[in-house]
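# Reading the structure
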Amino acid sequence: MRVERSEAVGLVLARPARLLGVEPFFMEFIAGIEETLAERGLSVLLHIVPTHEEEIATHRRWAERGLVDAVVLVNLTADDRRPAVLRELGMPTVVVGSWEPGPGIAPVGTNDVEPVREALTSLLDLGHRRIARVTGPAQLLHTVARTRALLDTCQKVGIEPVIVEGDYSAESGAALTARLLGSEERPTAILYDNDVMAVAGLGVAKELGVAVPQRLSLVAWDDSTMCQLATPALSTMRGDVHQFGVSVGLTAIELIDRVPVVRRWSPTVRFVPRGTTGPPPPE
């Protein structure tokens, strides 16, 4: 049991370190947390590891040495062991995503269903019927929720989307887009699970001579400067990532102070049409 505060909140990211430098989401998210904690003289202790098992080992080490006062847990998976381990360690934990609150655990919820429905409905209204999605890792709960939303909405209008799994990197976005555009039933619209894969997909479409949006519509999840500066500018599902981080930081402070925790949600993500969405080409 720690008797003194460390003045730090821990965040372990189980992902390739190379992605952190090119994916704007986590930089904005961490900035929001850091800004909020700094007002209380606290800071973020960030550690990057390749697997959840190494993440758990890091949490155990932090708990043993008293290195952090609370932990932020991201990228939940089905049958995730981490919340139970952190509860066992007695570490106050902010869980980012859909999770039930419990002793020492406070979720900051996300809605991954409505943004997909909104973007997909816009594409359907434009006339698209051959739709594909490039996902993040399939085991993540938010990937599962987004995929379910896509399948349910498509089923209602009698179409079957194509779903391929990426890893949020530009390489996977490019390779999977090339595969989709080389298929016999080439999609007329592709939705991506982040901005990096979408920008890479736009580049592949240009290389292959597939005009955007005249012959192919593209939609990114997460808005960023790279989406806005792309040519044409990418249509996106946009939320306030910085404010998301602020909400997580506020929740962490409440856990540390052992005061009642306000139930918070990530800012609403909305579809923002730009230059990469339009009607499908005539059959």
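As shown above, the structure is provided for reference.
Before going into details, it helps to say that this report is about the structure given with it. (Residues numbered from 1 in each chain as written. Predicted model: local features only at pLDDT ≥ 70, side-chain atom pairs only at ≥ 80, totals over all residues. Heavy atoms only, no water.)

## Quick notes on the overall build of the protein
The helix and strand tally for the protein stands at 10 helices and 12 strands. A globule of 283 residues ought to have a C-alpha radius of gyration of about 19 Å, and the protein, at 20 Å, matches this closely. A principal-axis box enclosing the C-alpha atoms of the protein has dimensions of 70 × 35 × 30 Å. Split into buried and exposed, the 283 residues of the protein put 53% on the buried side. Sequence-distant contacts in the protein: of pairs separated by 6 or more residues, those separated by 24 or more amount to 72%. Accessible area of the protein: about 12800 Å², with a carbon and sulfur share of 53%. Looking at the protein, you have 28 positive and 36 negative side-chain charges, and the mean spots of the two groups are 2 Å apart. (Helix = DSSP H or I, 4+ residues; strand = E, 2+ residues; numbered from the N terminus. Rg over C-alpha atoms; globule rule 2.2 N^0.38 Å. Buried < 20%, exposed > 50% of the residue type's maximum accessible area, 1.4 Å probe, protein only. Contact = heavy atoms within 4.5 Å. Areas by Shrake-Rupley, 256 points an atom, 1.4 Å probe, with all protein chains shown as cover. Lys, Arg positive; Asp, Glu negative; His and termini not counted. Charge placed at Lys NZ, Arg CZ, Asp CG, Glu CD.)

## Some points on the sheet that holds strand 2 (residues 43-49)
Pairing in this open sheet of 6 strands is parallel, and the strands run 2-1-3-4-5-11 from one edge to the other. Only two strands of the sheet have a single partner each, and these edge strands are strand 2 and strand 11 (264-265). Bridging between strand 4 (residues 93-96) and strand 5 (residues 105-109) involves 4 bridges; their strand directions are parallel. Across the sheet, residue Val96 finds its bridge partner in strand 5, namely Val108. In the packing of helix 3 (residues 52-65) onto the sheet, the strands contacted are strand 1 (8-14), strand 2 and strand 3 (70-73), and the crossing angle to strand 1 comes to about 160 degrees. Packing of helix 10 (residues 241-257) onto the sheet brings it into contact with strand 1, strand 3, strand 4, strand 5 and strand 11, and relative to strand 4 it is tilted by some 155 degrees. (Pairing = 2+ DSSP bridges. Axes fitted to C-alpha atoms, helices over the stretch in contact; angles between N-to-C directions.)

## Focus: helix 7 (residues 170-181)
Helix length check: helix 7, at 12 residues, gives a terminal C-alpha distance of 16 Å against a target of 16 Å (1.5 Å per residue), a fit within 8%. What helix 7 keeps buried is the set Ser172, Gly173, Leu176, Thr177, Leu180 and Leu181. An end-on view of helix 7 places all buried positions within 150 degrees of arc, on one side of the element. Away from the buried face of helix 7 by more than 90 degrees, exposed residues Glu171 and Arg179 are located. (Expected span 1.5 Å × (residues − 1). Arc of directions from axis to C-beta.)

## With respect to the pairing of strand 3
On strand 3, burial covers both faces: Ala70 and Val72 on one face and Val71 and Leu73 on the other are all buried. Inspection of the sheet shows strand 1 paired to strand 3 by 3 bridges, in the parallel sense. When the sheet's bridge partners are listed, Leu11 is paired in strand 3 with Val72. Two strands pair when backbone bridges link them, and strand 3 and strand 4 are joined in this way by 3 bridges, in the parallel orientation. Bridging from a neighbouring strand, Leu73 pairs with Val95 of strand 4. You can see the chain leave strand 3, run along helix 4 (residues 82-89) and come back into strand 4, and the turn it takes is right-handed. (Right-handed = clockwise from strand over helix to strand, strands pointing away.)

## Comments concerning the side chain of Asp222
When you line up the elements, Asp222 lands in the loop between strand 9 (217-221) and helix 9 (225-229). Of the side chains with opposite charge, Arg146 lies nearest to the buried Asp222, which makes no salt bridge, at 5.7 Å. A distance of 3.5 Å separates polar atoms of two side chains, one belonging to Asp222 and the other to Trp221. Non-local contacts of Asp222, meaning those with residues more than four positions away in its chain, are made with Phe25, Asn194, Asp195, Cys227, Thr236 and Met237. (Salt bridge = Lys/Arg side-chain N within 4 Å of Asp/Glu carboxyl O. Polar contact = N/O pair within 3.5 Å; in protein donor to acceptor, adjacent residues only side chain to side chain.)

## With respect to the nonpolar core
Ranked by size, the top nonpolar core spans 25 residues in total, and within it Phe29, Val72, Val74 and Val248 carry the most contacts. Ranked by the residues each element gives to this core, the list is headed by helix 10, at 7 residues. (Core = buried A, V, L, I, M, F, W, Y, C linked by side-chain atoms within 4.5 Å.)

## Some points on the environment of Gly166
Relative to the assigned elements, Gly166 resides in the loop between strand 7 (162-165) and helix 7. Each C-alpha atom, one on Gly166 and one on Pro137, is 6.2 Å from the other, the two residues being 29 residues apart in sequence. Those residues in contact with Gly166 that sit more than four places away from it in its chain are Thr135, Gly136, Pro137, Ser172, Leu176 and Met197.

Don't take any of this as a statement about function, it's just geometry.
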